[in-house]
Amino acid sequence: MAIEFHRESQTFHLHNAFVSYIFKVLPSGHLGQLYYGRAIHDRPDFDHLFETAYRSMSVCYFDGEPAYSLEHIKQEYPTCGAGDIHLPALDAQAPNGSRLLDLHYQSHTIAPGKPPLEGGELPSTYVEAPEEAATLTVTLADGLAGVTVDLVYTLYEALPVITRHAVIGYTGEGALRLDRAMSFCLDLPDMDYDMVELTGAWARERHIVTRPLAHGVQGVYSLRGCSSHHFNPFLALKRRETTEFLGEVYGFSLVYSGNFAAQADVDPYHVTRVTMGIHPQGFCWHLHRGERFTTPEAVLVYSDRGLNGMSQTYHQLYRTRLARGEWRDKVRPILVNNWEATYFDFNEAKLLSLAGEAKRLGIELFVLDDGWFTGRNDDRGGLGDWQINYGKLPDGIRGFGEKLHEMGLLFGLWIEPEMVNAGTALWNEHPDWVLHEPGRRPQQGRFQYVLDYSNPAVVDWIFARLCSVLDGAPVDYIKWDMNRSISDAYSCAAAGSEQGAVLHRYILGVYRLYRLLTERYPHILFESCASGGARFDPGMLACAPQCWTSDDTDAVERLRIQYGTSLVYPVSSMGAHVAAAPNHQVGRMTSLTMRANVAIFGAFGYELDLTALGAHGQELVARQVAFVKQHRQLLQFGTFWRLQSPFAGNEAAWMTVAPDRSAALVAQYLILQEVNAGYRRLRLAGLDPDRLYRVTRLGSGARAAGQPITACGDELMRAGLVTTDEDPASEGDFVSRLYLLETAE
Ligand code: DGJ
């Protein structure tokens, strides 16, 4: 791995075994992008890749040199004011009203390792040893404006990963007003790509949508104060012919949980400008002399091994160098959550009977969801005070947790610390702690209001309240929920000129509270949640190693949701539960086996009344629990391959392979049953071509395990695994098949 600077040609080449990223200091002092893609040999210069052309109507940077126009030069961090007339990476207004900025190369440093992001609270990927990565910081400046920009690039040694962010500094008089500060800009030389995005809504998060790039701006964004159900802070550009297994793709993922914009802007000469960062709408940050602003980190992944290659890189990086804490590398406890079992209608006896059954079936963690605190018998009240409801839990949280521990279960607790309901003591005593503009009625969402986390006093108060619940209580897991989009982004604690910073400061406040809690309670496993998966993003993964994927617990819907989520996020991060049938969201009946065979590819649990299952169902659950315990290292930390897309047809399949390729688990799902259908062969992936595997179709509730076959890895990957049904009529719709592969030698 190397980050080279070729002094004579003023060229930077970031390269490892997988990727090359090349840019140079141009004669004008700007940074020109030359190449990003599969690794190529290093050479002292790549000047032949620099191109510009005379285009009518464009402005030229040097008098008398009409072909040297920044509008037509691929750049690393363009601004307005020096001839580039596209959407810029940086837009700032000087005290004199000028928006003109012309950033020139000043200096650079190259150092081993990867420092945390300046400023403290923004999450980012990290290294555990300096040899794992190298970091290049290029400083640009505009002397007249008093603006500096540090462009920070980290190249990982063993992964096709480059992270980027920018730090903007100000040394002038008065205040510089930042209106747009993107995390990175990348100008690619053509537009022959499909854009892949993760799009959805509540209960159908992160569906994969693919569209050909067209001229103009296309992209995804959130203005909801959270990353949102609607669009994930991710986009990819893949070549038209790229599949799950083959071909080139560039992934762009933002380590951020608030408002974001991610876009590809294609100019008439087919140059594709990709930018990603905090959404400029409503954003405004004032920098005074000596102050600096750090953008969130973007993670750029290049793959020439198809979409699976891109995803596997994200999985590895996010699981091992973004997630952190004691739980990062540990298999996750199998949980039962009482939400869909009881909703708000519970008392301790009911919970303990559910817990008792869970324990009997081998489940390890009992999660008490919403409704354990005063004023909370439905979703119209109670949020904010965090006072235990002794009517429901006579011995409090501590007593209830101790009872669970005595039963041999871990104890998990739900909180929603960013919200407040009207009528609570917090609401009455601190009306100014609610995001709203004085004199204007704030908008409700799920009957609740948003606390002003941009105000450190609010975060400190909530932290102290939560500590008074958690200190001394035997809590092993916390589900941190967040159930509404943010409106009324006005802080009573901030000056008028600072209101444009409120939403960014809000999310920094969320990160701070996570940090305070995880530092104080390092043994607690955190699961983030936002009305299902409205904040399933890399920023949250840095705080909590798992996230509730979706409120849709139907197995068929989950195929698409989990398949889409896996484009970026590792299996170990996806909360996935077996819920009741008929399903509470879609009313669909699916077998317990189908439900479990989908949920085991996640942080596995149950969310139904186990006491109502009957002896047969309970026996099946006990078997499922035992199976997950036996295979969860492979399920949660194996290399995940998508094989068949549920977005493409009636079938879906995926598999996970042990790091040493000695074992694998394959799942195939048939959504609607077919009569007299064609033969089926599933081509597997990621196996050792030279090893012999014993392949066993696992049994389920209704069917016994099949007779194992043996086959070489190459056979299974090229000829495929026969999955034709012998007796479709006995299986009905929503069928799952699970195969265990073990090396036969
Ligand atoms: C939304 C979450 O996604 C659910 O799992 C549940 O915790 C409810 N909130 C509780 O209000």
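Nothing here was measured: the structure is a model prediction, and the numbers come from that model. (Residues numbered from 1 in each chain as written. Predicted model: local features only at pLDDT ≥ 70, side-chain atom pairs only at ≥ 80, totals over all residues. Heavy atoms only, no water.)

Some thoughts on helix α11 (residues 614–637)
The periodicity of an α-helix, 3.6 residues per turn, causes residues three or four positions apart to be oriented the same way. This is how it is decided: Working definition: helices are DSSP H or I runs of at least four residues, strands are E runs of at least two. Numbering for both runs from the N terminus. Multiply 1.5 Å by the residue count of a helix minus one, and that product is the helix's expected span. Two axes are fitted around each residue, one to the seven residues ending there and one to the seven starting there, and the angle between them is reported as the bend at that residue.
Across its 24 residues, α11 extends 33 Å between first and last C-alpha, which sits within 8% of the 34 Å expected from 1.5 Å per residue. For α11, the principal kink sits at His631 and spans about 70°.

Some points on the side chain of Thr154
Note the following rule: Throughout this description, a polar contact denotes any pair of N or O atoms lying within 3.5 Å of each other; where both atoms belong to protein, one of them has to be capable of donating a hydrogen while the other can accept it, and for residues adjacent in sequence the pair is counted only when both atoms sit in side chains. It only takes one pair of heavy atoms within 4.5 Å for two residues to be counted as in contact.
Assignment of secondary structure puts Thr154 in strand β8 (residues 147–156). At 2.8 Å, the side chain of Thr154 forms a polar contact with the side chain of Thr135. For Thr154, the residues in contact, after removing those within four places along its chain, are Gly113, Lys114, Ala133, Ala134, Thr135, Val161, Ile162 and Thr163.

Some remarks on the packing of helix α3 (residues 348–361) against helix α4 (residues 396–407)
Angle between the axes and distance between the axes: these two values describe a pair of packed helices. To be explicit about the condition: Working convention: axes come from line fits to C-alpha atoms, limited for helices to the stretch in contact. Angles between N-to-C directions cover 0 to 180 degrees. Geometric relationships in this document are graded by angle, where less than 35 degrees denotes roughly parallel, more than 145 denotes roughly antiparallel, 65 to 115 denotes roughly perpendicular, and other angles denote oblique. Here is the rule for handedness: rotate from the far helix to the near one, and if that takes an anticlockwise turn smaller than a right angle the crossing is left-handed, while a clockwise turn gives right-handed. Three residue categories are used. Nonpolar comprises Ala, Val, Leu, Ile, Met, Phe, Trp, Tyr, Cys and Pro, charged comprises Asp, Glu, Lys and Arg, and polar comprises the others, including Gly.
In contact at an axis separation of 10 Å, α3 and α4 are set at 20° when each is read in the N-to-C sense. The orientation of α3 relative to α4 falls into the category roughly parallel. Considering only the axes of α3 and α4, their crossing is right-handed. Between α3 and α4, the contacting residues are Glu348, Leu351, Leu352, Ala355, Gly356 and Lys359 on the first element and Phe400, Lys403, Leu404 and Met407 on the second. When the residues that make up the contact of α3 with α4 are grouped by side-chain class, the tally is 6 nonpolar, 1 polar and 3 charged.

Overview of the pattern of salt bridges
Note the following rule: Only one rule defines a salt bridge in this text: a Lys or Arg side-chain nitrogen within 4 Å of an Asp or Glu carboxyl oxygen. With a 1.4 Å probe rolled over the protein chains alone, any residue whose accessible area is under 20% of its type maximum counts as buried; one over 50% counts as exposed, and the rest are partly exposed.
In the structure shown here, the tally under the stated rule is 48 salt bridges. Between Asp370 and Arg446 there is a salt bridge, with the nearest N and O atoms lying 3.9 Å from each other. Here the residue Asp370 occupies a position in the loop between β22 (365–368) and α4, and Arg446 occupies one in the loop between α5 (425–429) and β25 (448–450), the gap between them amounting to 76 residues. A residue is classified by how much of its surface remains accessible, and Arg446, at 26% relative accessible area, is partly exposed. For Asp460, the salt bridge identified is with Arg512, shortest N-O distance 2.9 Å. Linking Asp460 in helix α6 (residues 456–470) with Arg512 in helix α7 (residues 502–520), this pair joins segments that are 52 residues apart in sequence. Here the salt bridges share partners, and the residues they tie into one network are Glu128, Glu132, Arg321, Arg328 and Asp329.

Quick word on the UniProt feature "domain: Glycosyl hydrolase family 36 N-terminal" (unreviewed entry) in the protein
Let me state the cut-off plainly: UniProt positions are given in the numbering used here, feature names are shortened, and annotations may be inferred rather than shown by experiment.
In the numbering adopted here, UniProt assigns the feature "domain: Glycosyl hydrolase family 36 N-terminal" (unreviewed entry) to residues 29–287. As annotated, residues 29–287 comprises 0% helix and 46% strand, and the C-alpha atoms at either end are separated by 24 Å.

What about the site of the ligand?
Here is the rule we go by: The near set for a molecule or strand comprises every residue that places at least one heavy atom within 4 Å of it. Each accessible area is a Shrake-Rupley estimate made with a 1.4 Å probe; only the visible protein chains count as cover when residues are assessed.
Of all residues adjacent to the ligand, which total 13 residues, the nearest are Asp369, Asp370, Lys479, Asp481 and Asp551. Between an oxygen atom of the ligand and a side-chain N or O atom of Trp548, the distance comes to 3.4 Å. Within the side chain of Asp551, a nitrogen or oxygen atom sits 2.5 Å from an oxygen atom of the ligand. When the ligand is considered free in solution it has 290 Å² of accessible area, and contact with the protein chains removes 97% of it.

A look at the packing of helix α10 (residues 592–599) against α11
Contact pair α10 / α11: the axes reach a minimum separation of 11 Å and the direction vectors enclose 20°. Relative to α11, the element α10 is oriented roughly parallel. Of the two possible hands of crossing, α10 and α11 adopt the one that is right-handed. Listed contacts from α11 to Leu592, Thr593 and Ala596 of α10 are Gly617, Leu620, Val621 and Gln624. Classifying every residue of the contact of α10 with α11 gives 4 nonpolar, 3 polar and no charged.

With respect to the side chain of Glu121
Here Glu121 shows up in the loop between β6 (104–112) and β7 (133–142). With a relative accessible area of 18%, Glu121 lands in the buried category. One polar contact links Glu121 to Arg515, side chain to side chain, over a distance of 2.7 Å. Excluding residues that lie within four positions of it along the chain, Glu121 makes contacts with Leu508, Tyr511, Arg512 and Arg515.

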